[in-house]
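Report on the structure
Spelled out, the chains give:
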Amino acid sequence: MRSHSFLTKDSANSNHFLDSQGFRVENGKQERIIKGLPASGGIAIGPAYVYEREEVYVSERILTVSEVELEIQLLAEAMERAHVELEKIVSFARQKINEEAAAIFESQLLMLSDPQMHKALEKRLRDERKNADFLIHDELEKYRAIFGAAKDELLRDRMADLDEVGQRIMRNLQKKRLHSTVEGEHVIIAEQLTPSDTLLFSRNDVLGYATDIGGITSHAAILSRSLKIPAVTALHGASKDIVTGDMVILDGQHGLLIVNPTEEHQREYARKIERIELLEAELADLVDLPCETSDCHKVELSANAEFVNELEFIITQGSNGIGLYRTEHLYIAKGDFPSEQEQYIEYSEIAFSMYPQPVIFRTFDIGGDKLLERGVSEMNPFLGWRGIRMMLDKTDIFRRQLRAILRASSMKNIKIMFPMISGVAELDEVLAVLADVKNELTEELVPFDEHMEVGLMIEVPSAIFVADELAKRVDFFSIGTNDLVQYLMAVDRNNELIADLYQEFHPAVIRAVKSIIATGHANGIWVGMCGELAGNPLATVMLLGLGLDEFSMVPSVIPEVKKIIRSTSYEDAKGVAETVLRMPVASEVRAYLESYMRERYPHFMATLLNGENGDNGNHKLDGEHGA
Ligand code: PEP
Ligand code: MG
């Protein structure tokens, strides 16, 4: 495996030895350093909690005729208990977490109450005279065979929900105790976490997430960055070798998980945590300062968001608004497209909370890695019915969203943008729908911002080559590097087997970014970036020098990027961009940017890049002004 390796470390300490495989053994415990992918920065030290979905085991029994009626009654009672349990979870989620979380369990409640399922089970019980838990297990197996291996995420998610509901009924039939929750501070170790697992665990004293499967631009990873919880992914089966209670260090900057760390490593990482805390305290002082270079070139720093409960944190990070509000979660939480009114309520709340700062709502980007429409199966969802393509086929749903966004725009701090635009004809079609919806609202005397800025994401390579025509039709571009890199390089953004081929610093990507910005500017519009590259401190000076006007990123990195921009001159940044544009390979670009940043900001980059050699407590950036 490309990204999987075990590292060993020798030392002259006395209370350890190296075992036959070269692993270091200290006080009877073997230290193992497992290399994965860095999904969310920061360091966590603490006991592991190995999270496994608890399965209920069943065996097949043939019932006598007289046992059948009793079994039907026991099944009804088990379902009733499952109902009560789920209702409690929904109300807990609503009070302690948020509406989105509650909606997930509400959809399970709906599955549980499905009269068709009740009827089908009862019929099989009478016809086949088999025990209820076996029949439920058998039904689940049938669904699993159809949906479990589905490529589309929505079907797999629905299967996971159905599985959970089935397990709950079986557990109640067998009168087994419920799955325990995590108590106390832990690093969660799991084969895989969904975005909702990520959100739910964050409400406990979770220190970090380590998963066997997943990519760094998956939504679970993006969510852990938003929540500022360190995370490492693509650990290739690590969860199988760790037991709950094992001491672990999770290094989210370097994508490392250290199991049973030596005392030396624990001390080293405790020092790193101290350094990061010092740096964070210093960065906090920047919140109210403008984002401008030392020679007064101003840029906007905004946040990527997808949940209302992130707004408070975004405001404290000193952003200039929201540069990308992903709206898909409304669909995910409900399991269907939300009504105009549901959307209007959410969009207005966001616009109101952020006012007077702007919020850019992106219309639904369903498909690809973000769920597919129910019942749809595609060979290649990333190249399939996704984003704007789906919305142009489902214009009633698209119009509903446009109406909700427009209605929420009357305070004049909302902008809208469209994902996955590939060419002019598509954009014209979108703009015609938008114009029609505006006319409709005007006729209905519904107020909205008639001058609301309209933009599009540049994330499909074909859009780069017609960017001049696209720019004439909109007010801004926002470069979506997460998709742009995967489509330019033909590298699936979530496939860890080829993760090292997913190169954001590839010259093709950098030249594409340069061309998009230049074309935007030549046509008088501003150009932002909302892909993960915008929040990568290593890329900041280069992007600044390429002329990017707006950087939109997970809110937790805004202070770091602001600090770099405030301590750089625009002239220097342009020089860096020119140098980088002459480089033919990604590794050269990376090496140059790393050495440039290390030389210029040694203490800062020591903490950001590798945590080494930065332990003198001096985190002031050279040349920084006014901070
Ligand atoms: C992108 O593609 O860069 C982007 C920001 O959108 P998403 O990650 O939601 O596809
Ligand atoms: Mg995208």
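The paragraphs below set out a description of the structure included in this document.

Criteria and thresholds
- Residues numbered from 1 in each chain as written.
- Chains lettered and ligands numbered in written order.
- Predicted model: local features only at pLDDT ≥ 70, side-chain atom pairs only at ≥ 80, totals over all residues.
- Heavy atoms only, no water.
- Donors = N, O, S within 2.8 Å, 3.2 Å for Na, K, Ca; no water.
- Helix = DSSP H or I, 4+ residues; strand = E, 2+ residues; numbered from the N terminus.
- Buried < 20%, exposed > 50% of the residue type's maximum accessible area, 1.4 Å probe, protein only.
- Expected span 1.5 Å × (residues − 1).
- Arc of directions from axis to C-beta.
- Contact = heavy atoms within 4.5 Å.
- 1 Å grid on protein atoms, 1.4 Å probe; cavity = no way out; pocket = protein on both sides within 12 Å on 5 of 7 lines; lining within 4 Å.
- Points joined across faces, edges and corners; volume = space filled by probe spheres on them.
- Nonpolar A, V, L, I, M, F, W, Y, C, P; charged D, E, K, R; others polar.
- Patch = residues over 30% accessible without salt bridge, like charges linked within 9 Å, V, L, I, M, F, W, Y side chains within 5 Å.
- Areas by Shrake-Rupley, 256 points an atom, 1.4 Å probe, with all protein chains shown as cover.
- Salt bridge = Lys/Arg side-chain N within 4 Å of Asp/Glu carboxyl O.
- Pairing = 2+ DSSP bridges.
- Axes fitted to C-alpha atoms, helices over the stretch in contact; angles between N-to-C directions.
- Phe/Tyr/Trp six-rings, centres within 6.5 Å; stacked < 30°, edge-to-face > 60°.
- Lys NZ or Arg CZ within 6 Å of the ring centre and 35° of its normal.

Overview of the coordination of the magnesium ion (ligand 2)
Four donors placed tetrahedrally around a metal ideally meet at 109.5 degrees, and six donors placed octahedrally ideally meet at 90 or 180 degrees. Within the first shell, the magnesium ion (ligand 2) binds the protein through Glu-459 (OE) and Asp-483 (OD), at distances of 2.0 to 2.1 Å. You can see Glu-459 sitting in the loop between strand 16 (454–458) and helix 16 (461–465) and its partner Asp-483 sitting in helix 18 (residues 481–489), a full 24 residues away along the chain. Overall, the relative accessible area of 2% leaves Glu-459 in the buried class.

Considering helix 23 (residues 586–600)
The end-to-end C-alpha distance of helix 23, which contains 15 residues, comes to 21 Å, matching closely the 21 Å that a straight helix rising 1.5 Å per residue would cover. Taken as a whole, helix 23 has its buried residues at Ala-586, Val-589, Leu-593, Tyr-596 and Met-597. Mapping the buried residues of helix 23 onto a view down its axis gives an arc of 100°, with all of them on the same face. Exposed residues pointing more than 90 degrees away from the buried face of helix 23 are listed as Ser-587 and Glu-599.

Comments concerning helix 14 (residues 395–407)
Under the 1.5 Å per step criterion, the end-to-end length of helix 14 is 18 Å for 13 residues, consistent within 8% with the ideal 18 Å. For helix 14, every residue scored as buried is listed here: Ile-397, Phe-398, Gln-401, Leu-402, Arg-403, Ala-404, Ile-405, Leu-406 and Arg-407. On its buried side, helix 14 packs onto helix 12 (340–354), strand 14 (359–362), helix 13 (388–393), strand 15 (414–418) and helix 15 (424–443).

Here we look at empty space enclosed by the protein
Once rolled over the atoms, a probe with the size of a water molecule shows which space is left empty. Applying the stated rule across the entire model yields one cavity of 30 Å³ or more. Approximately 80 Å³ is the volume found for the largest cavity. Looking at the largest cavity, it is lined by 14 residues, and the ones nearest its centre are Arg-326, Arg-362, Met-457, Glu-459 and Asn-482. Put simply, the parts of the chain that give the lining of the largest cavity at least two residues each are strand 13 (322–326) and helix 18. The element that contributes the greatest number of residues to the lining of the largest cavity is helix 18, accounting for three residues. Broken down by class, the residue content of the lining of the largest cavity amounts to three nonpolar, four polar and seven charged.

A word on a nonpolar patch on the surface
Together, Phe-352, Tyr-355 and Met-411 make up a nonpolar patch on the protein surface, roughly 340 Å² of accessible area in all. Note on placement: Tyr-355 falls in the loop between helix 12 and strand 14.

Structural notes on the sheet that holds strand 14
Here we have eight strands rolled up into a closed barrel, ordered 12-13-14-15-16-17-18-19, and parallel in their pairing. In this sheet, adjacent strand axes meet at a mean angle of 25° when their direction is disregarded. Contacts between helix 14 and the sheet are confined to strand 14 and strand 15, with strand 15 contributing the most and set at about 160° to the helix.

Digging into the packing of aromatic side chains
Within the structure shown, the criterion is met by eight aromatic pairs. When the centroid spacing of 4.9 Å and the interplanar angle of 85° are considered together, the rings of Tyr-51 and Phe-201 count as edge-to-face. Of this pair, Tyr-51 sits in strand 6 (residues 43–51) while Phe-201 sits in helix 6 (residues 195–202), and the two are 150 residues apart along the sequence. Of the two residues examined, Tyr-51 and Phe-201, each falls in the buried class. Arranged with centres 4.7 Å apart and planes meeting at 50°, the rings of Tyr-347 and Phe-361 form a pair that is tilted. Pair noted here: Tyr-347 is in helix 12 and Phe-361 is in strand 14, with a separation of 14 residues, a long-range link. Through a chain of ring-to-ring contacts, the aromatic side chains of Tyr-325, Tyr-347 and Phe-361 assemble into a single cluster. It is Lys-272 that lies over the ring of Tyr-269; its NZ or CZ is 4.3 Å from the centre. Stacked on the ring of Tyr-344, the Lys or Arg Arg-407 has its end atom at 4.1 Å from the ring centre.

Quick look at the pattern of salt bridges
For the coordinates displayed, the defined rule picks out 31 salt bridges. Between Glu-571 and Lys-574 there is a salt bridge, with its nearest N and O atoms 3.4 Å apart. Pair noted here: Glu-571 and Lys-574 are both in helix 22 (residues 570–581), with a separation of three residues, about one helical turn. A salt bridge links Arg-590 to Glu-594; its shortest N-O distance comes to 3.5 Å. Of this pair, Arg-590 and Glu-594 both sit in helix 23, four residues apart, which is roughly one turn of the helix. Given the relative accessible area of 24%, Glu-594 is considered partly exposed. By sharing partners, the salt bridges in this structure join Glu-60, Arg-124, Glu-128, Lys-130, Asp-138, Glu-139 and Lys-142 into a single network.

Section: the environment of Gly-321
Secondary-structure assignment places Gly-321 in the loop between helix 10 (311–316) and strand 13. Look at Gly-321 and you get buried, because its relative accessible area is 0%. Separated by 34 residues in sequence, Gly-321 and Tyr-355 place their C-alpha atoms 8.5 Å apart. Beyond its immediate sequence surroundings of up to four residues, Gly-321 is in contact with Leu-301, Ser-302, Ala-303, Met-354, Gln-357 and Pro-358.

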